[in-house]
Amino acid sequence: MLRMTLRLFGLAAFAVALALPAFAQDSVAIRQMLQDRDGEIKAILGTGTSYTDAQRERLRTVVNDVIDFRAMSAFALGDTWETLTDEQKTRFVEVFSGVIRAQSLADLDLYRATVAYGDIDVSGTTATATTTASLQDVRTEVVYDLAKREGAWVITDFSIDGVSTAENYRRSFQRVLARRGYDALLSSLERRLARG
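These numbers were taken from a predicted model, which means no experiment stands behind them. (Residues numbered from 1 in each chain as written. Predicted model: local features only at pLDDT ≥ 70, side-chain atom pairs only at ≥ 80, totals over all residues. Heavy atoms only, no water.)

Caption draft 1: Structural detail: the environment of Arg-60. Relative to the elements of secondary structure, Arg-60 occurs in helix α2 (residues 53–64). Separated by 42 residues in the primary sequence, Arg-60 and Ala-102 place their C-alpha atoms 7.6 Å from one another. Residues within four places of Arg-60 in sequence aside, it is in contact with Arg-101, Ala-102, Ser-104 and Leu-105. Reaching out from Arg-60, the side chain makes a polar contact with the side chain of Glu-57 at a distance of 2.8 Å. (Helix = DSSP H or I, 4+ residues; strand = E, 2+ residues; numbered from the N terminus. Contact = heavy atoms within 4.5 Å. Polar contact = N/O pair within 3.5 Å; in protein donor to acceptor, adjacent residues only side chain to side chain.)

Here you go:
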């Protein structure tokens, strides 16, 4: 019995030893992805204060292409997501992501902040990364929720000083859905996108 217990303990310890490097590698990959993204954004911004359309489009791509808008859409719509057809889901993600992409360039100075990278907690295919952005003596905590999709880490939500972006949209969308329904919500987002 003791021999079997020791063998099981040894197997468990071996399994943990194998798993630790994977989690450590994921932490390194997440940190590197966030650092590369920040570096690329700052390189595009440079020291200027005016930007060409090409620069703005490149910024919009770098800022947003690591975000899983489908996951954020599903969370924001809640139970309504499951009632939509595949075509409706695709259209919603397209419009919703367009609105967020437009908003992401509202204040480019925010991307000039110095970023300090804190804890990265990995649990299987999900992770949380904590950062602190400092700009003109103002420190802002930004926490990223991430998921591993096809071997790459993507952002599924981000919280600024404890306020979740996905949760904010969910509250807002649920109010519209309860009062006016899905079609009214989509129309409202389409109008915002057209203005944006």
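Caption draft 2: View of the pattern of salt bridges. Counting across every chain of the model gives 10 salt bridges. Arg-60 is the partner of Glu-57 in a salt bridge, and the nearest nitrogen-oxygen pair spans 2.8 Å. Of this pair, Glu-57 and Arg-60 both sit in helix α2, 3 residues apart, which is roughly one turn of that helix. Across the pair Arg-91 and Glu-190 runs a salt bridge, and its minimum N-O distance is 3.1 Å. In this pair, Arg-91 sits in helix α5 (residues 86–103) while Glu-190 sits in helix α7 (residues 182–195), placing the two residues 99 residues apart along the sequence. Take Arg-91: its relative accessible area is 33%, and that puts it in the partly exposed class. When its relative accessible area of 28% is taken as the criterion, Glu-190 is described as partly exposed. One network of salt bridges, with partners in common, ties together Arg-91, Glu-94 and Glu-190. (Salt bridge = Lys/Arg side-chain N within 4 Å of Asp/Glu carboxyl O. Buried < 20%, exposed > 50% of the residue type's maximum accessible area, 1.4 Å probe, protein only.)

Caption draft 3: Representation of the packing of α2 against α5 in the model. Running from N to C, α2 and α5 cross one another at 115 degrees; their axes reach a closest spacing of 9 Å. Both α2 and α5 take part in a crossing whose hand is right-handed. Along the contact surface, α2 presents Arg-60, Thr-61 and Asn-64, while α5 presents Ile-100, Arg-101 and Ala-102. A per-class count over the contact of α2 with α5 returns 2 nonpolar, 2 polar and 2 charged. (Axes fitted to C-alpha atoms, helices over the stretch in contact; angles between N-to-C directions. Left-handed = near helix turned anticlockwise from the far one by under 90°. Nonpolar A, V, L, I, M, F, W, Y, C, P; charged D, E, K, R; others polar.)

Caption draft 4: Structural view of the nonpolar core. Judged by nonpolar contacts, the single largest core of 36 residues is most densely connected at Ile-30, Leu-77, Phe-92, Leu-146 and Phe-173. Sorting elements by how many residues they give to this core places α5 first, with 6 residues. The contacts of Ile-30, once residues within four sequence positions are left out, are Ile-120, Val-122, Ala-127, Ala-129, Leu-146 and Trp-153. Of all hydrophobic cores here, the second largest spans 9 residues; its members include Tyr-51, Val-63, Leu-105 and Leu-108. (Core = buried A, V, L, I, M, F, W, Y, C linked by side-chain atoms within 4.5 Å.)

Caption draft 5: Local environment of the layout of surface pockets. If you add up the space inside the largest pocket, you get close to 920 Å³. The greatest single-element share of the lining of the largest pocket, amounting to 5 residues, is contributed by helix α1 (residues 2–45). Here the residues of the lining of the largest pocket are counted per class, giving 21 nonpolar, 8 polar and 4 charged. (1 Å grid on protein atoms, 1.4 Å probe; cavity = no way out; pocket = protein on both sides within 12 Å on 5 of 7 lines; lining within 4 Å. Points joined across faces, edges and corners; volume = space filled by probe spheres on them.)

Caption draft 6: Spatial organisation of α2. Compared with an ideal rise of 1.5 Å per residue, which puts 12 residues at 16 Å, α2 spans 16 Å between its outermost C-alpha atoms and is within 8% of the ideal. Buried within α2 are the following residues: Leu-59, Val-62, Val-63 and Asn-64. (Expected span 1.5 Å × (residues − 1).)

Caption draft 7: A look at the pairing of strand β2 (residues 126–135). Alignment of strand β1 (residues 114–123) against β2, held across 8 bridges, turns out to be antiparallel. If you follow Asp-121 over to β2, its bridge partner there is Thr-128. What sits between β1 and β2 in their antiparallel hairpin is a turn of 2 residues, with Gly-124 showing a positive phi close to 65 degrees. Here β2 runs beside strand β3 (residues 138–149); their pairing, made up of 10 bridges, is antiparallel. Paired with Thr-131 across the bridge in β3 is Val-142. Counting the residues that bridge the hairpin from β2 to β3 gives 2 residues, and of these Gln-136 lies at a positive phi of roughly 50 degrees. (Pairing = 2+ DSSP bridges.)

Caption draft 8: Structural detail: unusual backbone geometry. Residues other than glycine seldom take positive phi values, yet Asp-137 does so here, at roughly 65 degrees. For Asp-161, which is not glycine, the phi dihedral falls at a positive 50 degrees. Along the chain, the position of Asp-161 falls in the loop between β4 (152–160) and β5 (163–164).

Shape is all these values report; function is a separate question.
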